[in-house]
Amino acid sequence: PEAFKRFVPNCVPVNGFGGGTISPEAANFIRLDFTDTTIFERSLASASINGSIVDLPAGPLGFAVGAEYHEDRSDFTPDLAKKNGDILGFNAAQPISGKFDVTELFLETVVPILKDVPAVRSLNLEAGVRYSDYSTVGNVSSYKAGLDWSPMSSLHVRGMYQRASRAPSVFELFQAGDQGFPAVNDPCAGRLSNGARQDVSAEVAAFCQSNFGIDSATYTQPNSQIEAFFFGNPNLKGEKSDTYTFGLAMTPESIPSLQFSVDYYSIKVEDYVNILEGGTTGVVRACFASLDIDSDACFSRDLGQPLVFRDAVGELKARVPIAYLSELQTKGIDVNVAYRVPLGFASGAFGDAVDLNLLVNWLDTWKLDDIDYAGTIGAYNYSGAFPEYKANLRLGYRIGPVHLSYNLEFLDKMDNQGNIPAFEDPSGYQGVSSTIYHDLSAQWSVNDSIEVGLGVRNLTNREPKFFDIPIDQNTDPATFDTLGRFYFASVRSRF
């Protein structure tokens, strides 16, 4: 330690063996008091007028017209230790700063077409258009048109087409090379880090030798993870999407407390802003499939740098920018049932009732670049989990000022994305079984301004599902509860 102090001024040796061996001075020497700072600012101005223009035979012609302007500015400043990658368990993150503004004009209208004629209680047209001028992607237009047909008071049939647009965020435009370590098999390696042999074609072996000086016959990949750097793209275009929805809503006259709706949706997004080739694995595979180090698959014109390269000791590395080359399609059906029934156990001001609400979603398709991720979870696509079925059941009991509630959430089983044919690996990947969460809560409205609540989430203390995922975690905290059973209490006051 004394010799080490000559090279590191103010060094305090740390003894990490045994309880109580780290002195306060040593703890302070190795302690990092780091803070990340994120500042988001939005300046907004808007004006609108709405009302009715004229009374048509089927009802008043409604409209809304307006203008909006807003400017978004975002600044992210990581702590110096995090910027340099010196925090154990955290990859290096770079500062991000940028802004954009947009001016918009919009017009919406509801046109009553028919009313109280045979087979038509009402028929209305809904339409709208929005013009947007972005400082980043230029001029874009959005519009919609749909019909709402009610053949009787208890039934509505509806359909809508919408063209929408979205400009990239500050993060998507200006991300500056954040570090990551995804698991990627080096196509040049004749042997992987786990000792398994990998077949390398003669064409790929020649590509590796001529461009990287790698002899695939003798080269062993030293680590299953490679270093990757993730970038935004200031040249991104705006996304465009086409959405078709069709559905019906019913309230049976014989059961007025029952409401039922079913809706089909189909969404297609062009120029979908996404990680290039779906991530590091896709970038590496595309480059080696091209067998051309100067091709767009191996060199980014936006970054002005190679996408795939090697460090001084020959280890594979990659740069992964955000791109607009992807196409996203999703289709599914949503079903919603709501029912309320008085029980009659209490009367007067303390009348009681049971509320039931059930929401079920069937995900038919979730395609990114023609690869369907419906029913899967994993790391090849970074947008999360895609259970084929999801359901949420809520039961409530109200008696006077007290409301008791039970909630059940169901997530269907999911295969691992590594088992999709496009990514298939001979070793196979572990998926997850179905998951059910139970929550309980109670609210008491003490008076008109104060409400007291108690509850527990994840009543059965369900552990998160673990699955094979070649990144820094073995579960998906955005999908599964990682906290376990959680008790809470609340007091709300309205002034």
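Remember, it's a predicted structure, so these values are computed and weren't measured experimentally.

What counts, and at which threshold
The residue numbers shown here count from 1 along each chain, following its written sequence. Where local features are concerned, this predicted model is filtered to residues with pLDDT of at least 70; where side-chain atom pairs are given and counted, the filter is 80 or more; whole-chain, interface and lining totals use all residues. In computing side-chain properties, one takes all heavy atoms of the structure into account and sets aside hydrogens as well as water. Numbering of helices and strands starts at the N terminus; helices are DSSP runs of H or I of at least 4 residues and strands are runs of E of at least 2. Only protein chains enter the accessibility calculation, which uses a 1.4 Å probe. A residue is then buried if its area is under 20% of the maximum for its type, exposed if over 50%, and partly exposed in between. The contact criterion used throughout is that any non-hydrogen atoms of two residues lie within 4.5 Å. All accessibility values rest on the Shrake-Rupley procedure with a 1.4 Å probe; residue burial counts only the protein chains present in the view. Neither His nor the chain ends is counted toward charge; the positive residues are Lys and Arg and the negative residues Asp and Glu. Every charge is mapped onto a representative atom, which is NZ of Lys, CZ of Arg, CG of Asp or CD of Glu. Put simply, two rings from Phe, Tyr or Trp (the six-membered ring, in Trp's case) pair if the centres are within 6.5 Å, and we call them stacked under 30 degrees between planes, edge-to-face over 60, tilted for the rest. For this analysis, a nonpolar core means a set of buried residues of the types Ala, Val, Leu, Ile, Met, Phe, Trp, Tyr and Cys, connected via side-chain atoms within 4.5 Å. Two distance rules govern patches: like charges are joined within 9 Å, and nonpolar side chains (Val, Leu, Ile, Met, Phe, Trp, Tyr) within 5 Å, applied only to residues with over 30% relative accessible area and no salt bridge. Whenever a carboxyl oxygen of Asp or Glu lies within 4 Å of a side-chain nitrogen of Lys or Arg, that contact is scored as a salt bridge. Note on terminology: pairs of cysteine sulfur atoms within 2.5 Å are recorded as disulfides.

J.: Help me understand the overall build of the protein in this model?
T.: Counting secondary structure elements, the protein contains 6 helices and 23 strands. If one aligns the C-alpha atoms of the protein with their principal axes, the spans along those axes are about 85 × 60 × 50 Å. Scored against the burial criterion, the 495 residues of the protein give a buried share of 36%. Put simply, of all contacts in the protein between residues at least 6 apart along the chain, 64% involve residues at least 24 apart. As presented, the protein carries roughly 27,700 Å² of accessible surface, and 56% of it is formed by carbon and sulfur atoms. The protein carries 38 positive and 61 negative side-chain charges, and their two centres are separated by 3 Å.

J.: Is there a simple way to think about the packing of aromatic side chains in this case?
T.: Any aromatic ring pair is given by two values, namely how distant the centres are and how the planes are angled relative to each other. On inspection of all chains with the given rule, the structure shows 9 aromatic pairs. Ring geometry for phenylalanine 100 against tyrosine 134: centres 6.3 Å apart, planes inclined by 45°, an arrangement best described as tilted. A residue pair is termed long-range when its members are at least 10 positions apart, and phenylalanine 100 in strand 3 (residues 96-117) and tyrosine 134 in strand 4 (residues 120-134) qualify at 34 residues. Tyrosine 134 sits in the buried class, given a relative accessible area of 14%. When the ring of tryptophan 366 is compared with that of tyrosine 373, the centres are 6.2 Å apart and the planes differ by 75°; the resulting orientation is edge-to-face. Comparing tryptophan 366 with tyrosine 373 shows no difference in burial state: the two are buried.

J.: I keep staring at the nonpolar core and nothing clicks. Help me out?
T.: Proteins that are soluble and globular tend to have nonpolar side chains buried together. Within the largest apolar cluster, 25 residues are counted, with the highest numbers of intra-cluster contacts made by Phe212, Val284, Phe288 and Val308. Those elements giving two or more residues to this core turn out to be helix 5 (202-212), strand 8 (227-231), helix 6 (280-290) and strand 14 (316-342). If near-sequence neighbours (up to four positions away) are discounted, valine 284 is found in contact with Val184, Pro187, Ile226, Val308, Leu316 and Ala318.

J.: What exactly am I supposed to notice about a nonpolar patch on the surface here?
T.: A contiguous nonpolar patch, built from Ile49, Val65, Leu107, Val129 and Tyr143 and spanning about 420 Å² of accessible area, is present on the exposed surface. By the element assignment, valine 65 lies in strand 2 (residues 59-77).

J.: I keep staring at the state of the cysteines and nothing clicks. Help me out?
T.: In protein structure, a disulfide is the covalent linkage between the sulfur atoms of two cysteines. Throughout the structure, instances matching the rule amount to 2 disulfides. The disulfide bridge from cysteine 287 ends at cysteine 298, spanning 2.1 Å between sulfur atoms. The sign of the S-S torsion, about 105°, decides the handedness of the disulfide formed by cysteine 287 and cysteine 298: right-handed. Taken together, the positions of cysteine 287 in helix 6 and cysteine 298 in the loop between helix 6 and strand 11 (299-300) put the pair 11 residues apart, joining distant regions of the chain. Judged by its relative accessible area of 0%, cysteine 287 falls in the buried class. Judged by its relative accessible area of 1%, cysteine 298 falls in the buried class. Disulfide partners in the protein, listed by the sequence order of the bonded cysteines, are 1-2, 3-4.

J.: Could you clarify how one ought to interpret unusual backbone geometry in this entry?
T.: A negative phi holds for most residues other than glycine; trans holds for most peptide bonds. Even without being glycine, alanine 119 reaches a positive phi, approximately 70°. Note on alanine 119: relative accessible area 55%, which makes it exposed. Positive phi is not limited to glycine here, since aspartate 271 has a value of about 50°. Looking at the secondary structure, you find aspartate 271 in strand 10 (residues 258-275). You can call aspartate 271 partly exposed: its relative accessible area is 27%.

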